[in-house]
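Working through the structure, step by step
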Amino acid sequence: MAMDAERRQAELIEQFSAQAAALSSAPQLAALVLEATSHPALFAFSELLSLPALSKLAGTQYASSLDVLRLFAYGTLKDYKSNSGTLPALLPDQIRKLKQLSVLTLAESTKVLPYDQLMQELDVSNVRQLEDFLINECMYSGIVRGKLDQLRMCFEVQFATGRDLTPGQLNNMIDTLSDWLGTSDHLLHQIQEKIKWADTMSEANKKHQKEFEDKVEEAKKSIKKLNNLSRRTSTYGDMTTFSLNLEE
């Protein structure tokens, strides 16, 4: 299911990217941004935001479309309400999409979302509306999976689609991965040193074992020689006694 959703996202991004590359006028590009941010199955926008074609909107009367696209890439409904004076009014489909994205943002930081917090963030007035939204617009769409806990008044998130990374988050992730890589290299070096030490000890043990086995073999040979000598001596003694008896 997750792979299908990712594939669908990639297909939509490719589709809108191709459309943007074929457009030249700012009004057409602004209309494309409106279509993309209203699409019910698209939840990733940073790649569209980075398209060279959309840079044509900068400095025009449609420049606010870039701000809208940036809002859908990284922002929430709360961000929109805080900056509504500088942004164009959103359509109902866009508002619904921004609410869905807001749930995904909340799910990034915690897997237990209190109803009170969700109602405030999503601008929902009662629990019934909230649960209907979570079921119909979030879980049925496949962007989240979870459990509605009416007793504890919270939504327990089991899975949530990841949102676009902000430039700051991307840098932090690169730093984290770099630190992890450095730690992994250090651990790998330590493991290799321990393997070398173990190999050295193993060779030493094999050498000692071989020396011990050689000594055991030498001891066996010595005992065998002594036994043979003892038998020959015993036989010679018996023959001497027999010779003496005959002389008597």
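Here we summarise the structure given alongside this text. Here the structure is a predicted model, which means the values were calculated and not measured.

The next thing to look at is unusual backbone geometry. One non-glycine residue, Asp 123, adopts positive backbone phi at about 55 degrees. Mapped onto the elements of the fold, Asp 123 is located in the loop between α7 (115–122) and α8 (127–139). Positive phi, normally seen in glycine, also occurs at Met 153, with a value near 60 degrees. With respect to the secondary-structure elements, Met 153 resides in the loop between β2 (144–149) and β3 (154–160). Judged by its relative accessible area of 35%, Met 153 is partly exposed.

Generally speaking, a soluble globular protein has its nonpolar side chains buried in company with each other. Core analysis: the largest hydrophobic core is formed by 52 residues, its most contacted members being Leu 48 and Leu 54. Apart from residues lying up to four places away in sequence, Leu 54 is in contact with Leu 29, Val 33, Leu 48, Leu 66 and Leu 69.

Contact geometry for helix α4 (residues 64–74) and helix α6 (residues 92–109): axes closest at 9 Å, N-to-C directions at 35 degrees. Two secondary-structure elements touch here, α4 through Val 68, Leu 71 and Phe 72 and α6 through Gln 94, Lys 97, Leu 98 and Leu 101. Residues belonging to the contact of α4 with α6 are distributed by class as follows: 5 nonpolar, 1 polar and 1 charged.

Turning to α7, a few remarks are in order. Within an α-helix, residues lying three or four positions from one another point in the same direction, as the helix has 3.6 residues per turn. Listed in full, the buried residues belonging to α7 are Tyr 115, Leu 118, Met 119, Glu 121 and Leu 122. Against the buried residues of α7 lie α5 (77–82), α6, β1 (112–114), α8, β2 and β3. One or two residues past the end of α7 sits Asp 123, with phi positive at roughly 55 degrees.

The rules behind the values
- Per chain, the residues get numbers from 1 upward, laid out in the order the sequence is written.
- Under the rules for a predicted model, residues below a pLDDT of 70 receive no local features and side-chain atom pairs below 80 are neither given nor counted, while totals for whole chains, interfaces and linings still include all residues.
- Heavy atoms throughout the structure, all of them, feed into the side-chain values; hydrogens and water do not.
- Labels follow the DSSP assignment, with helices taken as runs of H or I lasting at least four residues and strands as runs of E lasting at least two, numbered in each case from the N terminus.
- A simple rule labels every residue: compare its accessible area, found with a 1.4 Å probe on the protein chains alone, to the largest value its type can have, and call it buried under 20%, exposed over 50%, or partly exposed in between.
- In this text, buried Ala, Val, Leu, Ile, Met, Phe, Trp, Tyr and Cys residues form a nonpolar core when linked through side-chain atoms within 4.5 Å.
- Contact definition: two residues touch when any of their heavy atoms are within 4.5 Å.
- Axis lines are fitted through C-alpha atoms, for helices just across the contact stretch, and the angle between N-to-C directions can take any value from 0 to 180 degrees.
- Side-chain classes are defined by residue name, with Ala, Val, Leu, Ile, Met, Phe, Trp, Tyr, Cys and Pro counting as nonpolar, Asp, Glu, Lys and Arg as charged, and the others, Gly among them, as polar.

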